[in-house]
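Next come the chains, spelled out residue by residue.
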Amino acid sequence: LSSSTEIEINYEPKKISIMQLFGFTYHRVTAGTKNKYEVRTPNTRALVYGTKFAVVYHPKIKKTYIAVTEHQVEVTPTTETGIIKSAPVMVQEGSLADIQSSTSTQKNSTSSPKILEIMIIRLNNEVEEIKKFIQENENQRLTKT
């Protein structure tokens, strides 16, 4: 958890759910755990069972990055109320899910605006901000052991 980050944790006997409102987090989830572990942002859900990954959420631009550094993470775009908007995507080690939410209205439309979620999968090293954050966390881990 880096500075200027806000999260809410909900712990139940078989489920850990973290709502990340903004900022940077890095997660290490032990493989083989029977508990469900998920991290949500206002536009994304990441579900894991044993992996390492980073989550960044920028509330002003409604963008989430999920960088997988070990194994894989199931990533699903959601609405702010948690409604799933599309099928989950398995993001593999060394890849990054870049989820952007935007509001769209059609010209001459009287209906309410629609929220669009766009997810792009890229290599982690393509986004310097994520690469730097992951490297800092790995360096901290190495100096503690």
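*Asks:* Please explain the overall build of the protein as it appears in this structure.
*Replies:* Tallying secondary structure elements over the protein gives one helix and ten strands in all. The order of helices and strands in the protein, counted from the N terminus, is β-β-β-β-β-β-β-β-β-β-α. Out of the 145 residues in the protein, the part that is buried amounts to 38%. Accessible area of the protein: about 8700 Å², with a carbon and sulfur share of 52%.

*Asks:* Please explain the side chain of T78 as it appears in this structure.
*Replies:* Mapped onto the elements of the fold, T78 is located in the loop between β7 (72–77) and β8 (89–92). Relative accessible area serves as the criterion here: at 1%, T78 is assigned to the buried category. Looking at T78, its side chain comes within polar contact range of the main-chain nitrogen of T44, at 3.3 Å.

*Asks:* How should the nonpolar core be read in this particular structure?
*Replies:* In a soluble, globular protein the nonpolar side chains are often hidden away together inside. One finds Y37, F53, I66, V73 and V75 to be the most contacted residues of the largest nonpolar core, which totals 15 residues. Looking at this core, the elements with two or more residues in it are β2 (15–29), β3 (36–41), β4 (44–48), β5 (51–58), β6 (63–70), β7 and β9 (95–104). For V75, the residues in contact, after removing those within four places along its chain, are T44, R45, I66, P88, V89, V91, A97, I99 and M119. Membership of the second largest hydrophobic core comes to six residues, among which are A54, V56, Y65 and A67.

*Asks:* Teacher, can you tell me more about the pattern of salt bridges here?
*Replies:* Pairing is possible between side chains that carry opposite charge, provided their charged atoms lie close to one another. Counting across every chain of the model gives five salt bridges. With its nearest N and O atoms 3.3 Å apart, the salt bridge here joins E38 to R40. The exposure class of E38 is buried, given its relative accessible area of 2%. Put simply, K52 and E70 hold a salt bridge, and the shortest N to O gap is 3.9 Å. Here K52 is found in strand β5, whereas its partner E70 is found in strand β6, with 18 residues between them in sequence. Its relative accessible area of 17% is what places K52 among the buried residues. Since its relative accessible area comes to 28%, E70 is described here as partly exposed.

*Asks:* For this particular structure, what's the right way to read the pairing of β4?
*Replies:* On any regular strand, side chains alternate: one points to one face of the sheet, the next to the other face. Taken across its five residues, β4 has five buried, putting it largely inside the fold. Alternating positions in β4 separate into two faces, T44, A46 and V48 on one and R45 and L47 on the other, with burial throughout. Two strands pair when backbone bridges link them, and β3 and β4 are joined in this way by five bridges, in the antiparallel orientation. What sits directly across from R40, in β4, is R45. Hairpin connection from β3 to β4: two residues lie between these consecutive antiparallel strands.

*Asks:* How should unusual backbone geometry be read in this particular structure?
*Replies:* Most peptide bonds take the trans form, and the phi angle of most residues other than glycine is negative. The backbone phi angle of S4 is positive, close to 60 degrees, even though this residue is not glycine. Tracing the chain through its elements places S4 in the segment before β1 (6–12). For S4, a relative accessible area of 63% translates into the label exposed. Not every positive phi belongs to a glycine, and K62 is a case in point at roughly 50 degrees.

Here is what the cut-offs are and how they apply
- Residues numbered from 1 in each chain as written.
- Predicted model: local features only at pLDDT ≥ 70, side-chain atom pairs only at ≥ 80, totals over all residues.
- Heavy atoms only, no water.
- Helix = DSSP H or I, 4+ residues; strand = E, 2+ residues; numbered from the N terminus.
- Buried < 20%, exposed > 50% of the residue type's maximum accessible area, 1.4 Å probe, protein only.
- Areas by Shrake-Rupley, 256 points an atom, 1.4 Å probe, with all protein chains shown as cover.
- Polar contact = N/O pair within 3.5 Å; in protein donor to acceptor, adjacent residues only side chain to side chain.
- Core = buried A, V, L, I, M, F, W, Y, C linked by side-chain atoms within 4.5 Å.
- Contact = heavy atoms within 4.5 Å.
- Salt bridge = Lys/Arg side-chain N within 4 Å of Asp/Glu carboxyl O.
- Pairing = 2+ DSSP bridges.

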